Amino acid sequence: MTASASAAGRTEGSGRLPSDRLPSDRLPPVRMALDAHTWKEIAHLLLNLPVALFGFTYVFTVVLVSGVLTLTVIGLPLLAVCLLGARQLGKLERSRSRALLGVRVDEPSPLPLGRGRGMFQRLWLALKDPVGWRTLLYDLIRLPWGILTFCTVLTSLFVLWPVLPFIARGLSNVDRAMVRGLLSPSDELERRIAELESDRGVVVDTAAADLRRIERDLHDGAQARLVNLAMGLGLAKEKLLEDPDSAAAMVDEAHGEVKLALQELRDLARGIHPAVLTDRGLDAALSAVASRCTVPVKVTADLPARPAAAIEGIAYFTVSELLQNISKHSRARSASVDVWRTEDRLLIQVRDDGAGGARLESGSGMRGLAERLGAVDGLFVVDSPLGGPTVVTAELPWRDRRE
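Nothing here was measured: the structure is a model prediction, and the numbers come from that model.

**Considerations on the overall build of the protein**
Point 1. In terms of helices and strands, the protein carries 13 helices and five strands.
Point 2. Taking all 403 residues of the protein together, 32% fall into the buried category.
Point 3. Put simply, of all contacts in the protein between residues at least 6 apart along the chain, 69% involve residues at least 24 apart.
Point 4. When the accessible surface of the protein is split by element, carbon and sulfur atoms take 62% of a total near 24,600 Å².

Structure below.
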């Protein structure tokens, strides 16, 4: 046996094939010619025809039947119901595109039919629904496109399969553009609607909380004092003839209770809406609230005119809340309040030289201010590094005052 034969025998005995036999004896691994993403696109394009047939039939029936019946009283209600049905067709198409094409399209906001005050208002809301009309347009133009994509992909499966992935990707991109263009909500409009719905909830919650606070203050403060006053005067009346000295002491005590009750009522009224704000404006009201702060506060207000009463009130209570926080938590030696107008915005800046570290997440007071300002398209920014200084900037929309 030669050396080469011995080497070949050792190689075979070790279970390994010689390198010159690898290409002929070992087959390549089995794999699909098209990946899963491409097959999903192909499935979507093949389903376009039956889906488009159903949608076109629906649109044609809606337009024909509703157009004829508009001469009767059921025409417009029927069209409104069909537009609501078109919304459901659009929802199914968005789901199909999301599952097969990977298109992430947000669902449009539901129609606020529950807020309609009557049948005619609900009918009008449904008839002017842009989502329903865009879905009808989408289903109308899909029939020729569905025929084209179905025939092209079906033919390519047997004739043009080497370039089928490129064909499927190009046709699917057109489908993606149609879905985004006609079935997606208006981003800016939907964002604005969501903001307004959130702001309305904040306003309602804030108003309810204020009412509960006023009720609690009246019940625990002035009301309790007035009850004690009535009881004291009743006892004084009974002892007026028997023990005039005791009756006089009770009357003096009742007089003190009256003064305290009046003071609490004034404080409560100031918390609702201070009289100085109504009579003299924001500058005088901020100076008054600054004088009650435990830290010296410099107030500068550069306003050419008085803003609307609602904006003026929000600005006042924002500064009042911030100055209370300075008194309680800042450990500051001085503070300043600057108020000015820039174009159509009212800007407020409250600064202190305290310890800093204030955050919107650290307490409900700051979060409440941010929510209240956000409800009227305002901004609330806190810049408070550890060690200070703390600068809080609030921005409100300017609206002219109407006397």
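This is not the end of the story, as more comes after the structure.
**Concerning the environment of Glu312**
Point 1. Along the chain, Glu312 turns up in helix H12 (residues 309-330).
Point 2. Here Glu312 falls in the buried class, since its relative accessible area comes to 2%.
Point 3. The residues contacting Glu312, other than those within four sequence positions of it, are Leu277, Gly281, Leu282, Arg306, Pro307 and Arg401.

**Points about helix H5 (residues 119-127)**
Point 1. Among all positions in H5, only Leu123, Leu125, Ala126 and Leu127 are buried.
Point 2. Where H5 is buried, its residues contact helix H4 (75-100) and helix H6 (130-158).

**Details of the environment of Trp133**
Point 1. Tracing the backbone shows Trp133 in helix H6.
Point 2. Counting along the chain gives 49 residues from Trp133 to Leu84, while the straight-line C-alpha distance between them is 9.7 Å.
Point 3. Once residues within four sequence positions are removed from consideration, Trp133 is found in contact with Leu79, Leu83, Leu127 and Lys128.

**Quick word on the sheet that holds strand S1 (residues 297-302)**
Point 1. Read across the open sheet, the five strands follow the order S1-S2-S3-S5-S4; overall the sheet is mixed. In this open sheet, the two strands that pair with only one neighbour each are S1 and strand S4 (379-383). If you compare each strand with its neighbour and ignore which way they point, the axes differ by 10° on average.
Point 2. Sheet topology note: the strand S3 (residues 345-352)/strand S5 (residues 390-397) ladder contains eight bridges and is antiparallel. Residue pairing across strands places Gln349 opposite Thr393, the latter belonging to S5.

**Things to note about the nonpolar core**
Point 1. Judged by nonpolar contacts, the single largest core of 31 residues is most densely connected at Leu286, Leu323, Ile348 and Phe380.
Point 2. Going through the elements one at a time, helix H11 (282-291), H12, strand S2 (335-342), S3, helix H13 (364-374) and S5 are the ones with two or more residues in this core.
Point 3. If you tally residues by element for this core, the top one is H12, at seven residues.
Point 4. Residues within four places of Phe380 in sequence aside, it is in contact with Thr318, Leu322, Leu360, Met366, Leu369, Ala370, Leu373, Val392, Thr393 and Ala394.
Point 5. Membership of the second largest hydrophobic core comes to 15 residues, among which are Leu101, Val105, Leu164 and Met178.

**Here we look at the side chain of Asp139**
Point 1. Structurally, Asp139 can be placed in helix H6.
Point 2. Arg142 is the oppositely charged side chain nearest to the buried, salt-bridge-free Asp139, at an N-O distance of 6.2 Å.
Point 3. With sequence-adjacent residues up to four places away left out, Asp139 is seen in contact with Gly55, Phe56, Val59 and Leu89.

**Description of the packing of aromatic side chains**
Point 1. A full pass over the atoms with the stated rule returns two aromatic pairs.
Point 2. Taking 6.4 Å as the distance between ring centres and 15° as the angle between the ring planes, the aromatic pair formed by Phe56 and Phe60 counts as stacked. Taken together, the residues Phe56 and Phe60, both in helix H3 (residues 36-69) and four residues apart, mark about one turn of the helix.
Point 3. For Phe56, a relative accessible area of 27% translates into the label partly exposed.
Point 4. Look at Tyr316 and Phe317: their rings are 5.1 Å apart centre to centre, the planes differ by 80°, and that puts the pair in the edge-to-face class.

**Focus: the pairing of S1**
Point 1. Of the strand pairs in this sheet, S1 and S2 are connected by six bridges, and their pairing is parallel. What sits directly across from Lys298, in S2, is Ser336.

**So, the packing of H3 against helix H7 (residues 164-183)**
For any two helices packed against each other, one specifies the inter-axial angle together with the distance between the axes.
Point 1. Following both chains from N to C, one finds H3 and H7 inclined at 60°, their axes separated by 9 Å at the closest point. In terms of their interaxial angle, H3 and H7 are classed as oblique. Our pair here, H3 against H7, has a crossing hand that is left-handed. Of the residues in H7, those in contact with His37, Thr38, Glu41, Ile42, His44, Leu45 and Asn48 of H3 are Leu164, Pro165, Ala168, Arg169, Leu171, Ser172, Asp175 and Arg176.
Point 2. Of the residues contributing to the contact of H3 with H7, the split by class is six nonpolar, five polar and four charged.

**Some points on the environment of Thr390**
Point 1. Assignment of secondary structure puts Thr390 in strand S5.
Point 2. Judged by relative accessible area, which is 7%, Thr390 ranks as buried.
Point 3. Considered as a pair, Thr390 and Ile326 are 64 residues apart in the sequence and their alpha carbons are 9.6 Å apart.
Point 4. Beyond its immediate stretch of four places on either side in the chain, Thr390 contacts Val350, Arg351, Asp352, Gly356, Asp383 and Ser384.
Point 5. Looking at Thr390, its side chain comes within polar contact range of the side chain of Ser384, at 2.7 Å.

**Quick notes on a nonpolar patch on the surface**
Point 1. A surface patch of nonpolar side chains, about 630 Å² in accessible area, is lined by Leu154, Phe158, Val159, Leu160, Val163 and Phe166.
Point 2. Summarising the element assignment, Leu154 is placed in helix H6.
Point 3. Under the relative-accessibility criterion, Leu154 is labelled partly exposed at 35%.

**Comments concerning a negative patch on the surface**
Point 1. On the surface, a cluster of negative charge is made up of Glu238, Glu242, Asp243 and Asp245.
Point 2. Residue position: Glu242 is located in the loop between helix H8 (187-239) and helix H9 (244-272).

Conventions we followed
Residues numbered from 1 in each chain as written. Predicted model: local features only at pLDDT ≥ 70, side-chain atom pairs only at ≥ 80, totals over all residues. Heavy atoms only, no water. Helix = DSSP H or I, 4+ residues; strand = E, 2+ residues; numbered from the N terminus. Buried < 20%, exposed > 50% of the residue type's maximum accessible area, 1.4 Å probe, protein only. Contact = heavy atoms within 4.5 Å. Areas by Shrake-Rupley, 256 points an atom, 1.4 Å probe, with all protein chains shown as cover. Pairing = 2+ DSSP bridges. Axes fitted to C-alpha atoms, helices over the stretch in contact; angles between N-to-C directions. Core = buried A, V, L, I, M, F, W, Y, C linked by side-chain atoms within 4.5 Å. Lys, Arg positive; Asp, Glu negative; His and termini not counted. Salt bridge = Lys/Arg side-chain N within 4 Å of Asp/Glu carboxyl O. Phe/Tyr/Trp six-rings, centres within 6.5 Å; stacked < 30°, edge-to-face > 60°. Parallel < 35°, antiparallel > 145°, perpendicular 65-115°, else oblique. Left-handed = near helix turned anticlockwise from the far one by under 90°. Nonpolar A, V, L, I, M, F, W, Y, C, P; charged D, E, K, R; others polar. Polar contact = N/O pair within 3.5 Å; in protein donor to acceptor, adjacent residues only side chain to side chain. Patch = residues over 30% accessible without salt bridge, like charges linked within 9 Å, V, L, I, M, F, W, Y side chains within 5 Å. Charge placed at Lys NZ, Arg CZ, Asp CG, Glu CD.

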